[in-house]
Amino acid sequence: MRSSLTPLGPPVSRDRVITSFPKWYTPDACLQLKERFHGQVSTTCQRKNTGTVGLRHSKVVVVGDLYVGKTSLIHRFCKNVFDRDYKATIGVDFEIERFEIAGIPYSLQIWDTAGQEKFKCIASAYYRGAQVIITAFDLTDMQTLEHTRQWLEDALRENEPGSCFVFLVGTKKDLLSGAACAQAEVEAVRLANEMQAEYWSVSAKTGENVKAFFSRVAALAFEQSVLQDSERRSSARLQVGDGDLIRGSPPETQESTTSSGLGCC
Amino acid sequence: MEEPPLREEEEGEEEEEEEEGDEAGPEGALGKSPFQLTAEDVYDISYVMGRELMALGSDPRVTQLQFKIVRVLEMLETLVNEGNLTVEELRMERDNLRKEVEGLRTEGSAAGREVNLGPDKMVVDLTDPNRPRFTLQELRDVLQERNKLKSQLLLVQEELQCYKSGLITPREGPGGRREKDTLVARTSKASSNKEEKTIIRKLMVTSFPWYTQGDSTAELRDSSRPERRGKLHNPGFTHSASRETLAPLMPVLNAILAEPSIRGS
């Protein structure tokens, strides 16, 4: 049975394979500074002991003002295209992106929401159950940065407190000079810290940082899913004692093993 | 009260011209208010003045003065004509506006009764092809339908990919094998005895159990319950290899079909 878990679905494209933990954009506003997978996660993945429904995908919700480039960002990542023309998103849309992280298939279900006020009542119905909230703003329009507070508040309201990773993403990086961008980032990093969010500057037009950003999102979500799943199963094991589950050392001691090699490829 | 201006007589106006009009009139014109003068009055005045100038004899100084007086009278004539014309135009415009206002007033009082039903009401022009006409619920339904179709498309694309890359051969395609899992017994029953089904149809039956059912909405609602969903499509345990191949997307897609959570807005 275990072997049947390994080859799942058509192969994931090469640039969706994540073997080492993707790095943050700036250490001044990041969710974690580690540069490798959590020890327990590596061990679990090596043993291919992740075969439960819970960790196979994460829901990502992208919010922010209209015309900041939420759809462009998603399309750049999922389809590698950039459309110069603006087309307002009607209500919501979604994309599914498949990854292979530490040898385990994993999908991001990315929900693209409309920025227009009139669609808020529709889009907000899709906020629930998000593991990742991405609040996007336009680096050339600082008003949109200010509005991310409200967007985040709305998205968090639909979710369990503390259950979501929050990212603050400045878009249209290509439109700013290095100095102007750095200046905008100072403000953004400050707000990101206030929001307990990780900050990224990206450009959907040039593609700068887009893949790195989503890889980071996927890896963080994946790691959290694995850890939560192990936790759930270890508590189930205590009650039921299913012989099929690992009988190794408890999670706490496994964390100390600094195995960076994932042994999956 | 006033006579229309007589422009056609301007040409032949000479101081020598003898007016054969009413005897009492000519003198009376000099006593009128300047705002009520007509061209006719100007002619009367010129008649009176001409007569008096003639009485002064043929002194060359009188002749000189006569030319100047003629010129002044001509100017006066022009001004009076012009003034009367303007007055006439303004009067007509005023009458038109009066009529218009009256029309609007009666119309407005009729429409006003509907509009003033309450605050936050909107009047819709039924002849406008771009008028709002669909309800929020209809838009929600359309979006959900779109999401469902998109997720099905993704699944089919995934499946096609599997065939292309040789991960599944048509003989052991979904539904072709006997399912051991009792939880999906209905699915396999539906598909096993109908060999003529297309691959895509088989796929739909496998992935979306409600596909063959009459009441699709009931199934959809039912399968959106997380605990049921988990069991139904938990891909990691007893399914055949072909189900395994489809596994990565299924929970993701099922989650999408369960969106959005029903809630009042």
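Now for a look at the structure at hand. What you are looking at is a predicted structure, and each value in this text was computed from that prediction instead of being measured.

Topic: the overall build of chain B
A count of helices and strands for chain B gives 10 helices and zero strands. A total of 265 residues make up chain B; the buried ones form 34% of that total. For chain B, the share of sequence-separated contacts (at least 6 apart) that also reach a separation of at least 24 residues comes to 62%. Entry remark: accessible area of chain B is about 17500 Å², with carbon and sulfur atoms responsible for 56%.

Considering the nonpolar core
Among the nonpolar cores identified, the biggest contains 37 residues, and Tyr126(A), Ile133(A), Phe137(A), Leu139(A), Leu168(A) and Tyr199(A) are the most heavily contacted of them. Mapped onto this core, the elements with two or more residues apiece are β2 (57-64), β3 (92-101), α3 (120-123), β5 (132-138), α4 (142-157), β6 (165-171) and α5 (178-195) of chain A together with α4 (136-164) of chain B. At seven residues, the largest contribution of residues to this core is made by α5(A). Judged by nonpolar contacts, the second largest core, of 35 residues, contains Leu73(A), Leu108(A), Ile134(A) and Phe165(A).

A short note on a nonpolar patch on the surface
On the surface, a cluster of nonpolar side chains totalling about 340 Å² of accessible area is made up of Leu66(A), Tyr67(A) and Tyr86(A). If you trace the backbone, Leu66(A) turns up in the loop between β2 and α2 (70-79).

So, α2(A)
Turning to α2(A), its buried residues number three or more, namely Lys70(A), Leu73(A), Ile74(A), Arg76(A), Phe77(A) and Cys78(A). Where α2(A) ends, the next residue or the one after it, Asn80(A), has phi of about 50°, a positive value.

Here we look at the pairing of β3(A)
Residues and elements named next belong to chain A. Of all 10 residues that make up β3, nine are buried, and the element is covered over most of its length. Strand direction decides the pairing type here: strand β1 (residues 17-18) and β3, joined by two bridges, are parallel. Its bridge partner being in β3, valine 17 is matched across the sheet by glutamate 100. Two strands pair when backbone bridges link them, and β3 and strand β4 (residues 104-113) are joined in this way by 10 bridges, in the antiparallel orientation. By the bridge assignment, glutamate 95 is partnered in β4 with isoleucine 110.

Looking at the layout of surface pockets
Here the second largest pocket is characterised by a volume of approximately 870 Å³. Contributions of two or more residues to the lining of the second largest pocket are made by α2, β3 and β4 of chain A together with α4 of chain B. The dominant element in the lining of the second largest pocket, judged by the number of residues it contributes, is α2(A), at six residues. When grouped by side-chain class, the residues that make up the lining of the second largest pocket number 14 nonpolar, 10 polar and 14 charged.

Concerning the packing of aromatic side chains
All names here are of chain A. By the definition in use, this model includes 14 aromatic pairs over all chains. An angle of 85° between the planes, with centres 6.4 Å apart, marks the rings of phenylalanine 37 and phenylalanine 222 as edge-to-face. One end of the pair, phenylalanine 37, is in the loop between β1 and α1 (39-46); the other, phenylalanine 222, is in helix α6 (residues 210-240), and 185 residues separate them in sequence. On the accessibility criterion, phenylalanine 222 (0% relative accessible area) is buried. Here phenylalanine 167 and phenylalanine 213 contribute two aromatic rings whose centre-to-centre distance is 5.5 Å and whose plane-to-plane angle is 80°, an arrangement assigned as edge-to-face. With phenylalanine 167 in strand β6 and phenylalanine 213 in helix α6, the pair connects residues that are 46 residues apart, well separated along the chain. Residues phenylalanine 167 and phenylalanine 213 agree in their burial class; the two are buried.

Side note on the environment of Leu37(B)
Along the chain, Leu37(B) falls in the loop between α1 (25-28) and α2 (39-55). If sequence neighbours within four positions are ignored, Leu37(B) has contacts with Ala29(B), Lys32(B), Val80(B) and Asn84(B).

The rules behind each value
- Note on numbering: residues in each chain are counted from 1, in written sequence order.
- Numbering of ligands from 1 and lettering of chains from A proceed in the order in which they are written.
- With pLDDT at 70 or above as the cut-off, local features in this predicted model cover only qualifying residues; side-chain atom pairs require 80 or more to be listed or tallied, and sums for whole chains, interfaces and linings still use all residues.
- For side-chain calculations, the full set of non-hydrogen atoms in the structure is used, while hydrogens and water are omitted.
- Where helices and strands are cited, they refer to DSSP runs of H or I of at least four residues and of E of at least two residues respectively, numbered from the N terminus.
- Working definition: with a 1.4 Å probe on protein chains only, accessible area under 20% of the residue-type maximum means buried, over 50% means exposed, and in between means partly exposed.
- In what follows, residue pairs with any heavy atoms lying within 4.5 Å of each other are defined as contacts.
- Methods summary: accessible areas were calculated by the Shrake-Rupley approach with a probe of 1.4 Å, and residue burial reflects only the protein chains presented.
- Here, the term nonpolar core denotes a set of buried Ala, Val, Leu, Ile, Met, Phe, Trp, Tyr and Cys residues that are joined through side-chain atoms within 4.5 Å.
- For patches, a residue must show more than 30% relative accessible area and have no salt bridge; joins then use 9 Å for like charges and 5 Å for nonpolar side chains, namely Val, Leu, Ile, Met, Phe, Trp and Tyr.
- Only one rule defines a salt bridge in this text: a Lys or Arg side-chain nitrogen within 4 Å of an Asp or Glu carboxyl oxygen.
- Only when DSSP finds a minimum of two bridges between them are two strands counted as paired.
- A cavity here means a set of 1 Å grid points, computed over protein atoms only, where a 1.4 Å probe fits but cannot escape. A pocket is an open set with protein on both sides within 12 Å along at least 5 of 7 lines, and lining residues have an atom within 4 Å of a point.
- Grid points are joined across faces, edges and corners, and a volume is the space filled by probe spheres set on the points.
- Any residue that is not Ala, Val, Leu, Ile, Met, Phe, Trp, Tyr, Cys, Pro, Asp, Glu, Lys or Arg is counted as polar, Gly included; the first ten are nonpolar and the last four charged.
- Only Phe, Tyr and Trp rings take part, Trp by its six-membered ring, and two of them pair if their centres are within 6.5 Å. Stacked means planes under 30 degrees apart, edge-to-face means over 60, and tilted covers everything else.

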